[in-house]
Amino acid sequence: MFLLDDHEVVRRGLRELLESEGDLEVVGEAGTAEEAYGRIPATTPNVAILDVRLPDGDGVEVCREIRSKHPEIACLMLTSFADDEALFSAIMAGAAGYLLKQVRGTDLVDGVRRVGRGESLLDPSLTARVLERLRRAPEPDELAGLTDQERRILDHITEGMTNRQIGEQLFLAEKTVKNYVSNVLAKLGMSRRSEAAAYAARLSERREHTDPHA
């Protein structure tokens, strides 16, 4: 498995805890999102334990990119805070589980083994809260405020693309894509790209059901 946390003492503690089990091996670690993007694919772990808050980014974004390119890697989010927004984003990014750092060591080890077997640690009640969030998404006419380019950006966000991938697809600088994403979120009244992706996907599905020619 792979460890992503900006505190070395946390990574060291996790490594000692997990490797003391005998059947678990830590194949790599990183302290920043940028390091993780390169090291996780290179070490090919079956499970990646990701801190949600990082100095140079967001562990949820790391989860989204890793899952989009390497769906065989299960991502387990680990955080110090019970944050509904981060939980929502983690589920939409394809995380297999979400645990607080206050979790007991035995429960963490059990969680790692479970997601490694392809199981989910997400409580059904938490998933229900996410679905409720989706039901409260804005109405379709709010997309009318988006420019054609912003709609294309939103489509690519829905496909799980990162800013870098979108830039390559549309021949735009990554910084330019980031600005477009910020504009899209602002116009939709959302704070995270995962919310916009979930909304756009739901809207597309609804159109398919209502359009007799779809």
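For the structure itself, look to the data block above.
Residues numbered from 1 in each chain as written. Predicted model: local features only at pLDDT ≥ 70, side-chain atom pairs only at ≥ 80, totals over all residues. Heavy atoms only, no water.

**Things to note about the overall build of the protein chain**
Working step 1: Each helix and strand in the protein chain was counted, giving 10 helices and seven strands.
Working step 2: For the protein chain, buried positions account for 44% of its 214 residues.
Working step 3: In the protein chain, the share of contacts with a sequence separation of at least 24, taken over all contacts with a separation of at least 6, comes to 63%.
Working step 4: Per element, the accessible surface of the protein chain, about 11100 Å² overall, is 49% carbon and sulfur. (Helix = DSSP H or I, 4+ residues; strand = E, 2+ residues; numbered from the N terminus. Buried < 20%, exposed > 50% of the residue type's maximum accessible area, 1.4 Å probe, protein only. Contact = heavy atoms within 4.5 Å. Areas by Shrake-Rupley, 256 points an atom, 1.4 Å probe, with all protein chains shown as cover.)

**Things to note about the nonpolar core**
Working step 1: The biggest cluster of nonpolar side chains holds 25 residues, and the ones touching the most others in it are Leu4, Ile40, Leu50, Val62, Met77 and Tyr98.
Working step 2: Counting residues per element, the ones that place at least two in this core are β1 (2-4), α2 (33-43), β3 (47-51), α3 (59-69), β6 (74-79) and α4 (84-92).
Working step 3: Counting 19 residues, the second largest nonpolar core, distinct from the first, contains Leu143, Ile153, Leu170 and Val184. (Core = buried A, V, L, I, M, F, W, Y, C linked by side-chain atoms within 4.5 Å.)

**Here's the deal with unusual backbone geometry**
Working step 1: Even without being glycine, Thr44 reaches a positive phi, approximately 45 degrees.
Working step 2: With respect to the secondary-structure elements, Thr44 resides in the loop between α2 and β3.
Working step 3: Overall, Thr44 belongs to the exposed group, its relative accessible area being 60%.
Working step 4: In this structure, Phe171 is a non-glycine residue whose phi angle is positive, near 60 degrees.
Working step 5: Mapped onto the elements, Phe171 comes out in the loop between α8 (163-170) and α9 (174-188).

**Quick notes on the sheet that holds β3**
Working step 1: Across the sheet, five strands lie side by side as β2-β1-β3-β6-β7; this open sheet has parallel pairing. Looking at the sheet topology across the chains shown, the edges are occupied by β2 (28-30) and β7 (97-100). Ignoring strand direction, the axes of neighbouring strands in this sheet form an average angle of 15 degrees.
Working step 2: As paired elements, β6 and β7 share four bridges and run parallel to each other. Across the sheet, residue Thr79 finds its bridge partner in β7, namely Leu100. (Pairing = 2+ DSSP bridges. Axes fitted to C-alpha atoms, helices over the stretch in contact; angles between N-to-C directions.)

**A word on the side chain of His156**
Working step 1: Structurally, His156 is set in helix α7 (residues 148-158).
Working step 2: With sequence-adjacent residues up to four places away left out, His156 is seen in contact with Met161, Ile166, Gln169 and Leu170.

**Brief notes about the packing of α2 against α3**
Working step 1: Closest axis-to-axis distance for the α2/α3 pair is 10 Å, and the angle between their directions is 25 degrees. One way to sum up the angle between α2 and α3 is to call them roughly parallel. Once α2 is placed against α3, the crossing between them reads as right-handed. Note on element contacts: α3 touches α2 through Glu61, Val62, Glu65 and Ile66, opposite Ala33, Ala36, Tyr37, Ile40 and Pro41. (Parallel < 35°, antiparallel > 145°, perpendicular 65-115°, else oblique. Left-handed = near helix turned anticlockwise from the far one by under 90°.)

**Thoughts on α9**
One turn of an α-helix holds 3.6 residues; hence residues three or four places apart share an orientation.
Working step 1: Over its 15 residues, α9 runs 21 Å from end to end, which matches the ideal 21 Å to within 8%, given 1.5 Å per residue.
Working step 2: Among all positions in α9, only Val177, Val181, Val184, Leu185 and Leu188 are buried. Looking straight down α9, one finds its buried side chains confined to an arc of 95 degrees; they lie on one side. Away from its buried face, by an angle of more than 90 degrees, α9 presents the exposed residues Lys175 and Ala186.
Working step 3: The first or second residue beyond α9 is Gly189, which carries a positive phi of 70 degrees. (Expected span 1.5 Å × (residues − 1). Arc of directions from axis to C-beta.)

Everything listed here is a matter of geometry and, on its own, says nothing about what the molecule does.
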